[in-house]
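# Analysis of the macromolecular model
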Amino acid sequence: MNNFISIPITDAGGNYNVVVQTNNIITAVRHSSTVTHILTPAVGAQGSDDIINVTHAADTAQNSVATAIMMAVVSASSLFGQSGTVRAVDSPVDITSVDHA
């Protein structure tokens, strides 16, 4: 089943979305106040994981991008029998970039 999350990006170039397939996400963790890591299985590298860095405005205890990402993943993954669903990450702060580590 292929479901997706859409991560909203706001930067100097404007607004756009990055789409990530949810069945490839292991977890998301808050790395620092301004960076959240999304862990996905690495392709072709046995025993290691790939990291997607999500850079954003400062997280707080009340507003976590990692939590927003995981809520979108759970929402998309809980749609048993459905495929092709895209869930938006409802980020509490501006996300400025998404890139691979």
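For the structure given in this document, a descriptive report is provided here. (Residues numbered from 1 in each chain as written. Predicted model: local features only at pLDDT ≥ 70, side-chain atom pairs only at ≥ 80, totals over all residues. Heavy atoms only, no water.)

### Some thoughts on the pattern of salt bridges
The criterion, for reference: By definition, a salt bridge exists where a carboxyl oxygen of Asp or Glu is found within 4 Å of a side-chain nitrogen of Lys or Arg. A run of H or I in DSSP counts as a helix once it spans at least four residues, and a run of E counts as a strand once it spans at least two, with each numbered from the N terminus. Remark: exposure states derive from per-residue accessible area (1.4 Å probe, protein chains only) relative to the maximum for the residue type, with buried under 20%, exposed over 50%, and partly exposed in between.
Under the criterion given, the structure shown has one salt bridge. One salt bridge connects R30 with D59, and the closest N-O pair in it is separated by 3.8 Å. One end of the pair, R30, is in strand β3 (residues 27-32); the other, D59, is in the loop between β5 (49-56) and α1 (65-77), with 29 residues separating them in the sequence. The class for R30 is partly exposed, based on a relative accessible area of 40%.

### What about the sheet that holds strand β6 (residues 86-88)?
Strands belonging to one sheet form pairs held by backbone hydrogen bonds; the direction of such a pair is parallel or antiparallel. Let me state the cut-off plainly: In short, DSSP must find at least two bridges between two strands for them to pair. Only the contacting stretch of a helix is used when fitting its axis, a line to C-alpha atoms as for every element, and angles between N-to-C directions run 0 to 180 degrees.
An order of β2-β1-β6 is seen for the three strands of this open sheet, with the pairing classed as mixed. Since the sheet does not close on itself, it has two edges, and those belong to β2 (14-21) and β6, each with one partner. Neighbour-to-neighbour, the strand axes of the sheet open up by a mean angle of 35 degrees, direction not taken into account.

### What about α1?
For clarity, the cut-off: A helix's residues, less one, multiplied by 1.5 Å, set its expected span. Throughout, the arc means the angular range of directions from the helix axis out to the C-beta atoms. Any pair of N or O atoms that falls within 3.5 Å is considered a polar contact. Within protein, one atom must be able to donate a hydrogen and the other to accept it, and sequence-neighbouring residues count only if both atoms are side-chain atoms.
Taking 1.5 Å of rise per residue, 13 residues should cover 18 Å, and α1 covers 18 Å from first to last C-alpha, within 8% of that figure. When α1 is considered as a whole, its buried residues turn out to be V65, A66, A68, I69, A72, V73 and A76. Projected down its long axis, α1 shows its buried positions confined to an angular sector of 165 degrees, all on one face. Along α1, exposed side chains directed more than 90 degrees from the buried face belong to M71 and V74. In this structure S64 caps α1, since a side-chain oxygen of it lies 3.3 Å from the backbone nitrogen of A66.

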